[in-house]
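In case you want the letters, here they are:
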Amino acid sequence: MKKHVVLYKKLSPALLARLGDQVDVTYIEDPASDGLARLREALPQAHGLLGASLKLDAALLDLAPHLEAVSSVSVGVDNYDIADLTRRGVQLTNTPDVLTETTADTGFALILATARRVVELANLVRDGHWTASVGPTHFGTDVHGKTLGIIGMGRIGEALAQRGHFGFGMPVIYHSHSPKPAVDQRFGARHCGLDEFLQEADFICLTLPLTAETTGLIGARELELMGPDSIFINISRGKVVDEKALIHALQTGQIRAAGLDVFEREPLEPTSPLLTLDNVVATPHIGSATHETREAMARCAVDNLLAALRGDRPQNLVNP
Ligand code: 8YV
């Protein structure tokens, strides 16, 4: 008898066919809102789950007594209680690597957009307010040659360092659990303690996972250490930062600007003070959001899930 997979993220026809050849498939649209009741109804039959951007909590998992594997279309796994899944004998897989370069591109897009005030000044042109040569009140700040600071030197952090070092001649410093000699050698990078890092970096880029340890890592104290010329970039998870403290730092000029792709709550409330600030570039969690990369992630997630349901070891097993 074919196993049953519940999808809560849409797949392309090609990938739906790839999955449907092997298993029975139920697709649940919009599981975080009105699809939640349908997801709850489908879980008792599920041997596998595939999706992203949904907190898969114990209440949902209790409805899935036959669940063998959860395949996340993401590199981040903060939506899952890994210890609980392991206790239940459920394998969790994710999709690292395929999204590394695209997410690093997003990080650099935010670095350039915030430093050179691209959104603010493009809007000035669009709104018909370009009436004379741009003067100092509209000048941005250079990116090339400035110190690129990266918190969390994993795959995405290394890809960001590569862009800064080879592409923009930026000295690279980083803060992570421990120094990475290969990174130091490849990018002339230097590992720093957090306070030294925050005081020295011109661009402070977060590329670390959200864990109990990293939640609230950047608060009022850390923002004060950054300095008025610093630019803060977050392409990791919103909850790594105290968003209220960040808003205060931006409103008071404690830091120059911020490029944010992630937020404490997503979607970001339209009433958020972040959206009233010209020194903020806010994007809707588009880190990996290109046609090519999202298809590659979904393909990876399908292959991970089919391997797990066959009893083979999936390529990207989070809880071996
Ligand atoms: C998207 C991400 O949230 O991979 C992650 O952890 O944050 C982003 O790629 C996710 O992939 C949505 O499918």
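Up top you'll find the structure we're talking about.
Note that the structure is predicted; figures quoted are calculated from it, not measured.

Participant: Any chance you could break down the site of the ligand for me, citing the residues and the numbers?
Facilitator: In the neighbourhood of the ligand, 13 residues make up the surrounding shell, with Val75, Gly76, Arg237, His285 and Ser288 lying closest. One of the side-chain N or O atoms of Lys9 is found 3.2 Å from an oxygen atom in the ligand. In this structure, an oxygen atom belonging to the ligand sits 2.8 Å away from a side-chain N or O atom of Arg237. For the shell around the ligand, a count of residues per class yields five nonpolar, five polar and three charged.

Participant: Could you give an account of the side chain of Asn94, with specific residues and numbers?
Facilitator: The residue Asn94 is located in the loop between β5 (91–93) and α5 (100–115) in this model. Assessed through its relative accessible area of 9%, Asn94 is described here as buried. Here the side chain of Asn94 touches Val75 through a polar contact of 3.0 Å, landing on its backbone oxygen. Once residues lying within four places of it in the same chain are set aside, the contact partners of Asn94 are Ser72, Ser74, Val75, Val77, Cys300, Asn304, Asn316 and Val318.

Participant: I'd like a rundown of the pattern of salt bridges, residues and numbers included.
Facilitator: Two side chains of opposite charge can pair, provided their charged atoms sit close to one another. This structure, assessed with the given rule, holds 18 salt bridges. For Asp312, the salt bridge is made with Arg310, and the minimal N-O distance between the two is 2.9 Å. Under the relative-accessibility criterion, Asp312 is labelled partly exposed at 38%. Three or more residues joined by partner-sharing salt bridges are found here, namely Asp62, Asp84, Arg87 and Arg88.

Participant: Lay out the packing of helix α1 (residues 13–20) against helix α12 (residues 291–310) with the relevant residues and their values.
Facilitator: Their axes nearest at 10 Å, the elements α1 and α12 cross at an angle of 5 degrees. With respect to their mutual orientation, α1 and α12 come out roughly parallel. Every residue of α12 that contacts α1 at Leu15, Arg18 and Leu19 is listed here: Glu295, Ala298, Arg299, Val302, Asp303 and Leu306. When its residues are assigned to classes, the contact of α1 with α12 shows five nonpolar, no polar and four charged.

Participant: Can you explain the sheet that holds strand β3 (residues 48–51)? Please cite residues and give values.
Facilitator: Pairing within the open sheet is parallel, and its five strands lie in the order β2-β1-β3-β4-β5. Whereas interior strands pair on both sides, the edge strands pair on one side only; in this sheet they are β2 (24–27) and β5. With direction set aside, neighbouring strand axes in the sheet form an average angle of 15 degrees.

Participant: So what about unusual backbone geometry? Which residues, and what values?
Facilitator: Between Glu266 and Pro267 the backbone carries a cis peptide bond, its omega angle lying at -5 degrees. Residue position: Pro267 is located in the loop between β11 (257–260) and β12 (280–282). The residue Ser53 is not glycine, and still its phi comes out positive at about 60 degrees. Given the relative accessible area of 63%, Ser53 is considered exposed. The residue Arg117 is not glycine, and still its phi comes out positive at about 55 degrees.

Reading the values: rules and limits
Residues numbered from 1 in each chain as written. Predicted model: local features only at pLDDT ≥ 70, side-chain atom pairs only at ≥ 80, totals over all residues. Heavy atoms only, no water. Near = heavy atom within 4 Å. Polar contact = N/O pair within 3.5 Å; in protein donor to acceptor, adjacent residues only side chain to side chain. Nonpolar A, V, L, I, M, F, W, Y, C, P; charged D, E, K, R; others polar. Helix = DSSP H or I, 4+ residues; strand = E, 2+ residues; numbered from the N terminus. Buried < 20%, exposed > 50% of the residue type's maximum accessible area, 1.4 Å probe, protein only. Contact = heavy atoms within 4.5 Å. Salt bridge = Lys/Arg side-chain N within 4 Å of Asp/Glu carboxyl O. Axes fitted to C-alpha atoms, helices over the stretch in contact; angles between N-to-C directions. Parallel < 35°, antiparallel > 145°, perpendicular 65-115°, else oblique. Pairing = 2+ DSSP bridges.

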